[in-house]
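# Understanding the architecture of this molecule
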Amino acid sequence: MSTPVMIEASHLTKYYGDFPAITDVSFSAQKGEILGFLGPNAAGKTTTMRILTGFMPPSSGAASIAGYDVVTESLEARRHVGYLPETVPLYTDMMVKDYLHFMGTIRGMEGKAIQRRISDVIQICRLEEYYKAHIAKLSKGFRQRVGVAQAILHEPEVLVLDEPTVGIDPIQVVETRQLIKSLGGERTIILSTHILPEVSMICQRVIIIHEGEIVAMDTPQALAERLQGAERIQLEVAGPMGQVVRTLRAIPGVQDVTFTDLGDRRSAYSVISRRGDEMRANLAKAVVEQGWGLLRLETVSMSLEEIFLRLTTTEEA
Ligand SMILES: Nc1ncnc2c1ncn2[C@@H]1O[C@H](COP(=O)(O)OP(=O)(O)OP(=O)(O)O)[C@@H](O)[C@H]1O
Ligand SMILES: [Mg+2]
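On a predicted model such as this, the values are computed, not experimentally measured, just so you know. (Residues numbered from 1 in each chain as written. Chains lettered and ligands numbered in written order. Predicted model: local features only at pLDDT ≥ 70, side-chain atom pairs only at ≥ 80, totals over all residues.)

## Brief notes about the sheet that holds strand S2 (residues 19-30)
Spatial ordering of the open sheet is given by S2-S1-S4-S5, a layout of four strands whose pairing is antiparallel. Edge positions in the sheet fall to S2 and strand S5 (68-69), since each has one partner strand and no second. Pairing between strand S4 (residues 60-65) and S5: two bridges, direction antiparallel. Residue pairing in the sheet places Ser-64 in a bridge with Asp-69 of S5. Its contacts with the sheet put helix H1 (residues 45-52) on strand S1 (5-16), S2 and S4, and the angle it makes with S1 is roughly 120°. (Pairing = 2+ DSSP bridges. Helix = DSSP H or I, 4+ residues; strand = E, 2+ residues; numbered from the N terminus. Contact = placed C-beta atoms within 7 Å. Axes fitted to C-alpha atoms, helices over the stretch in contact; angles between N-to-C directions.)

As structure tokens, then:
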């Protein structure tokens, strides 16, 4: 038997007015998978997650959770999904235990079952010490754990976590990541983040979203290789083509050179090389030192690279 698909997004598009926040977003997650949803601010992460959790319908396209359409079977779909929103609407004057009880009641849980489950989630989320604390007095990290606790309360098979580690201190970040990992396995999780290393640590697969469109979908390892790998640089040189090619090929780090004659002693070169500013400087230097004319030198926008330059949010040490 094949692994069941627990999250399915199919050609999701969402307009706010006439602004498309996401366009033609399609992906799926299999049972047990932890999927990272990586993208800079305004990429469309929260929008997609709100659609998956039935908070708003897409303008077009469809999505399902555990096989239930989030629009036409929203009750069933919601029963199978736990949601940690970007800002958890916690009732700060409540005690943790009362809040969880309240959330359980809203989801149709009752009596003994709620009590049992609350003590489970308190343990899972390591909230034992704060069971009777007022939410107002909890630190951001512990509030986030209360948010996770309410998300898993009704034992959903799918978890949608919107930036679960944002704004919490480094130690709690580590703990929260461990918590999320421990929630994987049986459950299917999609979590959004703008921190590249975070997805490598937690996720088996990464979707990169940028300006509302999916630009890459791969394992963190494969993405990392692509990022550390090569880049393409285009040059236009006034000089003898054969010699220029030989000179470029001799530069350490250059992996491949292709070329086209543009006539009039000018030619275009496409160089695949190790990535980095130093590489471009060396190419330029080699050409100029020979007394040839460097008419153009540019890195061809590899979309992934651009995206990642924007994404290079470094983590606090
Ligand atoms: N209710 C709304 N009305 C109008 N535009 C909106 C609304 N919500 C989001 N947008 C716009 O849609 C785009 C996607 O927003 P979204 O919140 O999904 O991004 P995000 O990836 O979650 O960003 P962030 O990392 O900042 O949380 C943004 O340009 C945003 O300004
Ligand atoms: Mg967001």
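Alright, that's what it looks like, and here's the rest.
## A word on the nonpolar core
One finds Leu-52, Ile-65, Ala-149 and Val-160 to be the most contacted residues of the largest nonpolar core, which totals 58 residues. When residues of this core are assigned to their parent elements, the largest contribution, five residues, is made by helix H5 (residues 140-152). The residues touching Ile-65, leaving out its near neighbours within four places in the chain, are Met-6, Ile-7, Leu-52, Val-70, Ala-77, His-80, Val-81 and Val-158. Of all hydrophobic cores here, the second largest spans twelve residues; its members include Ile-233, Val-237, Tyr-269 and Val-287. (Core = buried A, V, L, I, M, F, W, Y, C linked by C-beta atoms within 7 Å. Buried ≥ 20, exposed ≤ 12 C-beta atoms within 10 Å, placed from the backbone.)

## Remarks on the site of ligand 1
The environment of ligand 1 is formed by 13 residues, the closest being Tyr-16, Ala-21, Lys-45, Thr-46 and Thr-47. At the level of elements, S2 and H1 are the ones that each hand at least two residues to the shell around ligand 1. Per element, the largest residue contribution to the shell around ligand 1 is three residues, and it comes from H1. Within the shell around ligand 1, the residues separate by chemical class into five nonpolar, six polar and two charged. (Near = placed C-beta within 6 Å. Nonpolar A, V, L, I, M, F, W, Y, C, P; charged D, E, K, R; others polar.)

## A few points about the sheet that holds strand S9 (residues 205-210)
The strands that make up a sheet are held in pairs by hydrogen bonds between backbone atoms, and each pair lies either parallel or antiparallel. Spatial strand order, S6-S7-S8-S3-S9-S10: six strands in an open sheet with mixed pairing. The open sheet terminates on both sides in strands that have one partner only, identified here as strand S6 (81-84) and strand S10 (213-218). This sheet shows a mean twist of 15° between the axes of neighbouring strands, independent of strand direction. The strands touched by H1 within the sheet are strand S3 (34-38), strand S7 (158-162), strand S8 (188-193) and S9, with S7 carrying the most contacts at an inclination of about 150°.

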